[in-house]
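Chains, contacts and geometry: an overview
Here's the letter readout for the chains.
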Amino acid sequence: MAGRYIPPHMRGSTGSSSAEKPMVKAERKPEDGYTLEEIANQFSFDHKKKLGTLNRASISVEEEETPNLGFVIVFKDQHPKWPPKIFCKTYLFLLPKTETLPSTPITVFTEISNLRTSENHNHHEQRFLYAGAHTITRIQYLMPRSPLLVKMLESKFTGPKNERSEEAWNKSLNMKWAVVDLNKVEEEEQGSSPMEPLKEIKKKSVSEMLEEMRLRESSGEKENGKPGGGDDREEALHGDEDR
């Protein structure tokens, strides 16, 4: 009986015709953008949900010390006047005093179109580009229910994607907002990207995650009732949309 025919390209191979090939991790390029989780990890935040439009320089800063603005995230479709203006209502205490403007350079990220992940082509995730260092050149505060605030909110939330309830409108109108002008630093004065080299995200054990949840809940109870404390200091994952 004749032996089994083996094609030339398979001769000498002990594996099956569907031999597994080692997975090669694609090289990350800055233009691919970064996820919120990667940005949070790079700046030592314990969770991406703590990120908003305005973000403090370090979460390790003692509560009694004056926290500084570390970086800005410009979420897509939330800032109709960008560039150069952003609208924000949370963490306003991080903004520098107007008499000190222009500010020192601040890192800015801008959201790009949602990308399909290689693991699940039906799943979309937010990606953000490092947009360089910017300085704050102007801050205008808009008081609750002022004509300027009404005009700004109408420009921010007008459109089919921004249908809002009366309750949501009133919530926004009853808050103090800020219009912040950002000016990009000249190319020759730009430093290196804070996202390079990219830190590896370490997976946490179940016990570590439970302990962090306990500490966050305890911290929230202590801060409740203080200016800028508790949940009022955390922005929605998608920025200042408060929907």
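**Observations concerning the overall build of the protein chain**
What the protein chain contains, in helices and strands, is four helices and six strands. Secondary structure elements in the protein chain, listed N-terminal to C-terminal, are α-β-β-β-β-β-α-α-β-α. Counting only contacts in the protein chain whose residues sit at least 6 apart along the sequence, the fraction spanning at least 24 positions is 72%. Carbon and sulfur atoms provide 51% of the accessible area of the protein chain, an area that totals close to 16300 Å².

**Section: the environment of lysine 184**
Take lysine 184: it is sitting in strand β6 (residues 177-184). Here the alpha-carbon distance between lysine 184 and alanine 131, two residues 53 residues apart in the chain, equals 8.6 Å. Leave out the neighbours within four places in its chain, and lysine 184 touches Ala131, Gly132, Ala133, His134 and Gln190.

**Considering the pairing of strand β2 (residues 69-74)**
Of all the six residues making up β2, six are buried; the element is thus mostly covered by neighbouring parts of the structure. Across three bridges, strand β1 (residues 54-56) lies against β2 in antiparallel orientation. Bridging across to β2, asparagine 55 finds its partner in phenylalanine 71.

**A word on the packing of helix α2 (residues 147-157) against helix α3 (residues 166-173)**
Relative to each other, α2 and α3 sit at 130 degrees, their axes nearing to 10 Å. With respect to α3, the axis of α2 lies oblique. As α2 runs across α3, the sense of the crossing is right-handed. When α2 is examined against α3, the residues Leu149, Val150, Leu153, Glu154 and Phe157 are found in contact with a partner set consisting of Trp169, Ser172 and Leu173. Each residue belonging to the contact of α2 with α3 can be placed in one class, and the counts come to six nonpolar, one polar and one charged.

**A short note on the pattern of salt bridges**
If the charged atoms of two oppositely charged side chains come close together, the side chains can form a pair. Throughout the structure, instances matching the rule amount to one salt bridge. Aspartate 181 is the partner of lysine 85 in a salt bridge, and the nearest nitrogen-oxygen pair spans 3.0 Å. One end of the pair, lysine 85, is in strand β3 (residues 85-88); the other, aspartate 181, is in strand β6, with 96 residues separating them in the sequence.

**Quick word on a negative patch on the surface**
The grouping of Glu186, Glu187, Glu188 and Glu189 at the surface amounts to a negative patch. Along the chain, glutamate 187 falls in the loop between β6 and α4 (206-223). Glutamate 187 sits in the exposed class, given a relative accessible area of 60%.

**What about the nonpolar core?**
By size, the foremost hydrophobic cluster in this structure holds 18 residues, and its most contacted members are Leu54, Leu69, Val72, Leu95, Ile136 and Val180. For this core, the elements supplying multiple residues, two or more each, are β2, β3, β4 (106-116), β5 (124-142) and β6. Those residues in contact with valine 72 that sit more than four places away from it in its chain are Thr53, Leu54, Asn55, Ile86, Ile106, Thr107, Val108, Phe109 and Leu182. Within the second largest apolar cluster, 13 residues are counted, among which are Leu36, Ala40, Phe71 and Phe75.

**Some remarks on unusual backbone geometry**
Apart from glycine, the bulk of residues carry a negative phi angle, and the bulk of peptide bonds sit in the trans form. In this structure, proline 102 follows leucine 101 across a cis peptide bond, with omega equal to 0 degrees. Position of proline 102 among the secondary structure elements: in the loop between β3 and β4. Non-glycine residue serine 44 carries a positive phi angle of around 65 degrees. Mapping serine 44 onto the fold places it in the loop between α1 (36-42) and β1. For serine 44, a relative accessible area of 47% corresponds to the partly exposed category. Despite not being glycine, arginine 145 shows a phi value in the positive range, around 60 degrees. Tracing the sequence through the fold places arginine 145 in the loop between β5 and α2.

Criteria and thresholds
- All residue numbers refer to positions counted from 1 along the written sequence of the respective chain.
- This being a predicted model, a pLDDT of at least 70 is required before a residue's local features are given, and a value of 80 or more before pairs of side-chain atoms are given or counted; all residues contribute to the totals for chains, interfaces and linings.
- With hydrogens and water excluded, all non-hydrogen atoms of the structure serve as input to the side-chain values.
- Numbering of helices and strands runs from the N terminus; a helix is a DSSP stretch of H or I covering at least four residues, while a strand is a stretch of E covering at least two.
- Between two residues, a contact is recorded if the distance between any of their heavy atoms is within 4.5 Å.
- Calculation of accessible area relied on Shrake-Rupley with a 1.4 Å probe; when residues are assessed, cover is drawn exclusively from the protein chains displayed.
- Exposure is judged per residue with a 1.4 Å probe applied to protein chains only, and the accessible area is read against the type maximum: over 50% gives exposed, under 20% gives buried, and values in between give partly exposed.
- Paired strands are those between which DSSP finds at least two bridges.
- With axes taken as lines fitted to C-alpha atoms, and helix axes fitted only over the stretch in contact, angles between N-to-C directions fall between 0 and 180 degrees.
- Just so you know how the angles are binned, under 35 degrees is roughly parallel, over 145 roughly antiparallel, 65 to 115 roughly perpendicular, and the rest oblique.
- Two helices cross in a left-handed way if the nearer one is turned anticlockwise from the farther one by less than a right angle. They cross in a right-handed way if the turn is clockwise.
- Charged means Asp, Glu, Lys or Arg here, nonpolar means Ala, Val, Leu, Ile, Met, Phe, Trp, Tyr, Cys or Pro, and polar covers whatever is left, Gly included.
- The salt bridge criterion pairs a side-chain nitrogen of Lys or Arg with a carboxyl oxygen of Asp or Glu, the two atoms within 4 Å.
- Nonpolar side chains (Val, Leu, Ile, Met, Phe, Trp, Tyr) are joined into patches within 5 Å and like charges within 9 Å, using only residues with over 30% relative accessible area and no salt bridge.
- In this tally Asp and Glu are treated as negative and Lys and Arg as positive; neither His nor the chain ends contributes.
- Taken as the charge centre is NZ of Lys, CZ of Arg, CG of Asp or CD of Glu, depending on the residue.
- Among buried residues, those of type Ala, Val, Leu, Ile, Met, Phe, Trp, Tyr and Cys that are joined through side-chain atoms within 4.5 Å constitute a nonpolar core.

What is shown is where atoms sit, not what they do.
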